[in-house]
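So the chains spell out like this:
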Amino acid sequence: MSLSLLEGIDLDKAKKYLVERTGSPLEALPGGGGVVNVYFVVKAESDMIVRHNDPDEIVEVDVKGYATPAITDTKLDGAYRRTLVQQISLVFKDYVKEIREAIENTLKQFMNSNNDVTKAIATALLDKNYARLKILDNPYTCAIRPYGAGGKEYVEGLCGECPNCYLFGYAVAEEERGKTVKIQLDGGKEGKKETLSLEIGGYNIQSRVRGDLYPATAPSSMVTEMRTHNAVDDATKTTGQALFNVRVVKAGTIFVGKLAYYDVSLNELLLLLATLVKIPRLGASTSDYGKVRIYVPALLFADQEVGSGYEMAEEIVPQVAATGKRLGLEEAVSFVKSYVDRFKDLGYLYTSNNLTDKLYKLNREWMKEIVKQAWVDTIKLKISYEHFTTG
């Protein structure tokens, strides 16, 4: 099922830029795979609010002299991460036994490793007397919970054990440390027992999902307008003074963008792509605004980041402004494919007309295998990181 999603892909060429997880310490270092450049189109299916603070303000960037609305990466990143947590949570709820069995079996395999450090780490993560993974006994409760205290900003709620944490990253608070455990192994040097000291979880993870800016394909003068919100008197059914005005990006507006996935496995790539197209809303006031669909027409597997949404907008916006004709979805997808084609010699270019539809229609049962295999890769990557905290 997983490979059928990437219909027509030359996997041998793509694997050159992907990581095959083995638990090796080298996998914790940058450059183990490559960069998967993901080019996408966002279609607003309702009015959107893309702003920072004031209701009549929107995020705009200058594109060849035209003020143009843009979705910031902080907005996309937050929605992306929350959608991933939701997808993992839904799968875990229905298939908890299978997920836990896959994690335990992976750790048991590493307990038979010829490498004493790897064996000790796997033992610690499985044994209740050491630093057993919480997810093996407790519900999945990973969540983004930002707060401020003492002049510092924190994000709590992240579990530090799941694909979300190892793809989008997490930070250990300065006052927190990993759990120190001492593992005694048989068969050390000269047949003597060897004791290894481990500090489990005492490190930060950098996000491997890198974004930039996602501009609209038309200037603000063509795709924004004001909306007025009124309050209705329950008794008289009349409206009083307007509550506020808000500037929106109109439904139907098309945005373009590019994400870069660094050093991911095939399983992690599929999970990230499936989650990307399932992001339901973007922007502010998403209870009422911001319904979107995201389409992924092209992937470029390479050794570097290539292109950007802003660069695409620089070619599109002046032409749209000159003709007065907004870009449709099919036109935007066609443009993205032709834009990426100019970079094909930098790596392996994969384009698809039906990838988005296949990913969008994945139900919970079909997502199970993707989430499970990505979680196994997460455990392998965690073992890689733990090697660097071993005393």
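Presented here is a report on the structure given in the accompanying data block. (Residues numbered from 1 in each chain as written. Predicted model: local features only at pLDDT ≥ 70, side-chain atom pairs only at ≥ 80, totals over all residues. Heavy atoms only, no water.)

Topic: the overall build of the protein chain
Tallying secondary structure elements over the protein chain gives 12 helices and 14 strands in all. Relative to its full complement of 391 residues, the protein chain shows a buried share of 51%. Excluding contacts between residues fewer than 6 apart, the proportion of contacts in the protein chain whose partners are at least 24 apart in sequence is 76%. A total accessible area of about 18,400 Å² is found for the protein chain, and carbon and sulfur atoms account for 46% of it. (Helix = DSSP H or I, 4+ residues; strand = E, 2+ residues; numbered from the N terminus. Buried < 20%, exposed > 50% of the residue type's maximum accessible area, 1.4 Å probe, protein only. Contact = heavy atoms within 4.5 Å. Areas by Shrake-Rupley, 256 points an atom, 1.4 Å probe, with all protein chains shown as cover.)

Considerations on the packing of aromatic side chains
Using the criterion set out here, one finds 12 aromatic pairs in the structure. Measuring from centroid to centroid gives 5.4 Å for phenylalanine 40 and tyrosine 214, while their planes differ by 50°, and the two rings are tilted. With phenylalanine 40 in strand 1 (residues 35-44) and tyrosine 214 in strand 9 (residues 213-215), the pair connects residues that are 174 residues apart, well separated along the chain. With relative accessibility at 0%, the residue phenylalanine 40 sits in the buried group. Summarising the aromatic geometry, the rings of tyrosine 166 and tyrosine 170 are spaced 5.9 Å apart at their centres and angled 65° between planes, so their arrangement reads as edge-to-face. As far as burial versus exposure is concerned, tyrosine 166 and tyrosine 170 are alike and both buried. Site record: aromatic cluster; members linked through ring pairs are Tyr39, Phe335, Tyr339 and Phe343. In this arrangement the basic side chain of lysine 368 is found over the ring face of tyrosine 95, its NZ or CZ atom lying 5.1 Å from the centre. (Phe/Tyr/Trp six-rings, centres within 6.5 Å; stacked < 30°, edge-to-face > 60°. Lys NZ or Arg CZ within 6 Å of the ring centre and 35° of its normal.)

Regarding the packing of helix 3 (residues 73-94) against helix 8 (residues 266-278)
Put simply, helix 3 and helix 8 touch, their axes get as near as 9 Å, and they point 110° apart. With respect to their mutual orientation, helix 3 and helix 8 come out roughly perpendicular. As helix 3 runs across helix 8, the sense of the crossing is right-handed. Of the residues in helix 8, those in contact with Tyr80, Thr83, Leu84 and Gln87 of helix 3 are Leu271, Leu272, Leu273, Thr275, Leu276 and Lys278. Considering only residue class, the contact of helix 3 with helix 8 consists of 6 nonpolar, 3 polar and 1 charged. (Axes fitted to C-alpha atoms, helices over the stretch in contact; angles between N-to-C directions. Parallel < 35°, antiparallel > 145°, perpendicular 65-115°, else oblique. Left-handed = near helix turned anticlockwise from the far one by under 90°. Nonpolar A, V, L, I, M, F, W, Y, C, P; charged D, E, K, R; others polar.)

Thoughts on the environment of leucine 271
By the element assignment, leucine 271 lies in helix 8. Expressed as a C-alpha distance, the spacing of leucine 271 and valine 371, which sit 100 residues apart in the sequence, is 6.6 Å. Not counting chain neighbours up to four residues away, the residues in contact with leucine 271 comprise Leu84, Pro163, Leu167, Met367, Ile370, Val371 and Ala374.

Some thoughts on helix 10 (residues 329-341)
Between its first and last C-alpha, helix 10 extends 18 Å over 13 residues, near the 18 Å set by a 1.5 Å rise per residue. For helix 10, the set of buried residues is Ala332, Val333, Phe335, Val336, Tyr339 and Val340. Here the buried residues of helix 10 occupy an arc of 160° about the axis, which is enough to place them on one side. Summarising the contacts, the buried residues of helix 10 are in contact with strand 1, strand 12 (254-262), strand 13 (292-302), helix 9 (309-323) and strand 14 (347-351). (Expected span 1.5 Å × (residues − 1). Arc of directions from axis to C-beta.)

Some points on the sheet that holds strand 3 (residues 66-72)
Across the sheet, 3 strands lie side by side as 2-3-9; this open sheet has antiparallel pairing. Either end of the sheet is taken by a strand with one partner, and the two such strands are strand 2 (60-63) and strand 9. Adjacent strand axes in the sheet meet at a mean angle of 50° when their direction is disregarded. Relative to strand 9, strand 3 runs antiparallel, the two sharing 3 bridges. (Pairing = 2+ DSSP bridges.)

So, the sheet that holds strand 13
Taken together, 5 strands build an open sheet; the order of strands is 8-12-1-13-14 and the sheet is antiparallel. Each having just a single partner strand, strand 8 (209-210) and strand 14 make up the two edges of the open sheet. Here strand 13 runs beside strand 14; their pairing, made up of 5 bridges, is antiparallel. Bridge pairing links phenylalanine 301 to tyrosine 348 in strand 14. Running over the sheet, helix 10 touches strand 1, strand 12, strand 13 and strand 14 and is turned about 160° from strand 1.

Side note on a nonpolar patch on the surface
Together, Leu26, Leu29 and Phe388 line one region of the surface with nonpolar side chains, adding up to about 320 Å² of accessible area. Structurally, the position occupied by leucine 26 is in the loop between helix 2 (11-15) and strand 1. The class of leucine 26 is exposed, set by a relative accessible area of 62%. (Patch = residues over 30% accessible without salt bridge, like charges linked within 9 Å, V, L, I, M, F, W, Y side chains within 5 Å. Salt bridge = Lys/Arg side-chain N within 4 Å of Asp/Glu carboxyl O.)

Details of empty space enclosed by the protein
Inspection of the entire model under this criterion finds 1 cavity of 30 Å³ or more. Here the largest cavity defines a volume of roughly 30 Å³. Around the largest cavity sit Thr217, Ala218, Val223, Gly252, Thr253, Ile254, Arg326 and Leu327, which together line it. Of the residues in the lining of the largest cavity, the class split is 4 nonpolar, 3 polar and 1 charged. (1 Å grid on protein atoms, 1.4 Å probe; cavity = no way out; pocket = protein on both sides within 12 Å on 5 of 7 lines; lining within 4 Å. Points joined across faces, edges and corners; volume = space filled by probe spheres on them.)

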